[in-house]
Amino acid sequence: MTTLPLAELHMHIEGSLEPPQIFEFAERNGITLPYADIDELRGLYEFTDLQSFLNLYYANTSVLRTAEDFADLARAYFRRAAAGGVTHAEIFFDPQAHTSRGVALEAVVEGLADAASSSEREFGVTSGLIASILRDQPVLHANKLLDDLLALDAPIIGLGLDSAEAGFPPSLFVDVFAKARAEGLHVVAHAGEEGPAEYIWEALDLLGVERIDHGVRCLEDDALVNRLVEEEIPLTVCPLSNVRLKVYDDLADHPIRQMIERGLIVTVNSDDPAYFGGYVDDNFAALVDKLGLTEREREILHDNSIKASFTSR
Ligand SMILES: Nc1ncnc2[nH]cnc12
Ligand SMILES: [Zn+2]
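No experiment lies behind these values; they were computed from the predicted model shown.

A.B. asks: Outline helix 8 (residues 174–182), listing residues and values.
C.D. replies: Every buried residue of helix 8 is accounted for by Val 176, Phe 177 and Ala 180. Seen along its axis, helix 8 keeps its buried residues to an arc of 95 degrees; they face one direction. Of the exposed residues in helix 8, those oriented more than 90 degrees away from the buried face are Asp 175 and Ala 182. Note on helix 8: the residue one or two positions beyond its end, Gly 184, has a positive phi of about 85 degrees.

In structure tokens, the structure reads:
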């Protein structure tokens, strides 16, 4: 087993909210959940597609109210990630999922920034925060979110784009991404998860992204694969997520080996570990088990993760 440094570059902190924590946070915030117990909640973790997952993911964020909640959530993730071999994590958060419920942006940022600022000392994990725009919400909200984050001087390293993909192309968000780049932020976008390869082209050409989150559907377009290889654009792939959201029927069908062989800079990530069957180490273990991932391939994936991280650029 390798002990090489490992960066996790595609993880939504709200997706690390485990069922027991949902009950714990609900209790301390005086919230009555629509589930009798943890088992009933766990019974809902069967998804047919991205939207069916997002419905539960957003519903469960209702238990996150205070800066302390966000700090505790992020600390629990850093602790678990470190135990799984992660040495650096660039984590997404979805501000609009909270501000739309009346939670102050300041509370979200303060809590996450607090945990991130001590993650290295506490857990040996360096970290950065990436605020993600919900692409299925109005474009004006995205512009306001970036302005609010800048006004707060939020300690973020980048801007991302997530939520329901099909029907919400990157081209909608040209202006907000241009502003983020002008402000010196790194920029990334989910593209080619459920949406077509065309959205990956748009994310590159119109948003100027430095990494593509997921991107597995690039394999439908040879010219796009060549471009990603030539320009060394990393793809943050999430194998267990892809199976749980039915992008592939089975992990044995996942094209990650083919992606490595074609020269793509692929990394392995957990996406929403509390929902999809585990953390980044669980993703590696499943790849070994189901695809026979070799030690050499594992080394390549670890190396790629460090190369693709923003701290090494
Ligand atoms: N896999 C995913 N795709 C798009 N948006 C998300 N938000 C949380 N997880 C996501
Ligand atoms: Zn994601």
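Further notes follow.
A.B. asks: Describe the site of ligand 1, and please don't skip the residues or the numbers.
C.D. replies: The environment of ligand 1 is made up of His 12, Gly 15, Leu 50, Tyr 57, Asp 162, Ser 163, His 190, Glu 193, Ser 241, Asp 271 and Asp 272. In the shell around ligand 1, the residues fall into two nonpolar, five polar and four charged.

A.B. asks: Residues and numbers for the nonpolar core, please.
C.D. replies: Judged by nonpolar contacts, the single largest core of 93 residues is most densely connected at Ile 13, Ala 74, Leu 112, Leu 129, Leu 159, Ile 200 and Ala 203. Each residue touching Ala 74, except ones within four places of it in the same chain, is listed here: Ile 13, Leu 112, Ala 115 and Ala 116.

A.B. asks: Go over the UniProt feature "binding site: substrate" (unreviewed entry) in the chain, please, and point to the residues and values.
C.D. replies: UniProt records the feature "binding site: substrate" (unreviewed entry) at Asp 272, using the numbering of this structure. Here Asp 272 shows up in the loop between strand 8 (266–268) and helix 13 (280–291). Beyond its immediate stretch of four places on either side in the chain, Asp 272 contacts His 12, Gly 15, Tyr 57 and Ser 241.

A.B. asks: For the pairing of strand 3 (residues 126–134), give the residues involved together with the corresponding values.
C.D. replies: Burial analysis of strand 3 places eight of its nine residues in the buried class, which makes it a mostly covered element. As defined by bridge partners, strand 2 (residues 88–93) adjoins strand 3 across six bridges and the pair is classed as parallel. Paired with Phe 92 across the strands is Ile 130, a residue of strand 3. Where strand 3 meets strand 4 (residues 158–162), five bridges bridge the pair, whose relative direction is parallel. In the strand pairing of strand 4, Leu 134 is matched with Asp 162.

Conventions used here
Per chain, residues are indexed from 1 in the order of the written sequence. Following the order in which they are written, the chains are lettered starting with A and the ligands numbered starting with 1. Local features in a predicted model are, by the rule used here, given only for residues with pLDDT of at least 70; side-chain atom pairs are given and counted only at 80 or more, and totals for whole chains, interfaces and linings are based on all residues. Working definition of burial: number of other C-beta atoms within 10 Å of the residue's own, with buried at 20 or more, exposed at 12 or fewer, and partly exposed in between, all C-beta atoms being placed from the backbone. Numbering of helices and strands runs from the N terminus; a helix is a DSSP stretch of H or I covering at least four residues, while a strand is a stretch of E covering at least two. For this quantity, the arc is that covered by the directions from the helix axis to the C-beta atoms. Nearness rests on one distance test: the residue's C-beta atom, set from the backbone, must lie within 6 Å of the molecule or strand. Residue classes follow a fixed rule: Ala, Val, Leu, Ile, Met, Phe, Trp, Tyr, Cys and Pro count as nonpolar, while Asp, Glu, Lys and Arg count as charged, and any other residue, Gly among them, counts as polar. In plain words, the nonpolar core is the set of buried Ala, Val, Leu, Ile, Met, Phe, Trp, Tyr and Cys residues that C-beta atoms within 7 Å link up. Whether two residues are in contact is decided by their C-beta atoms, placed from the backbone, lying within 7 Å. UniProt positions are given in the numbering used here, feature names are shortened, and annotations may be inferred rather than shown by experiment. Any two strands between which DSSP finds at least two bridges are classified as paired.

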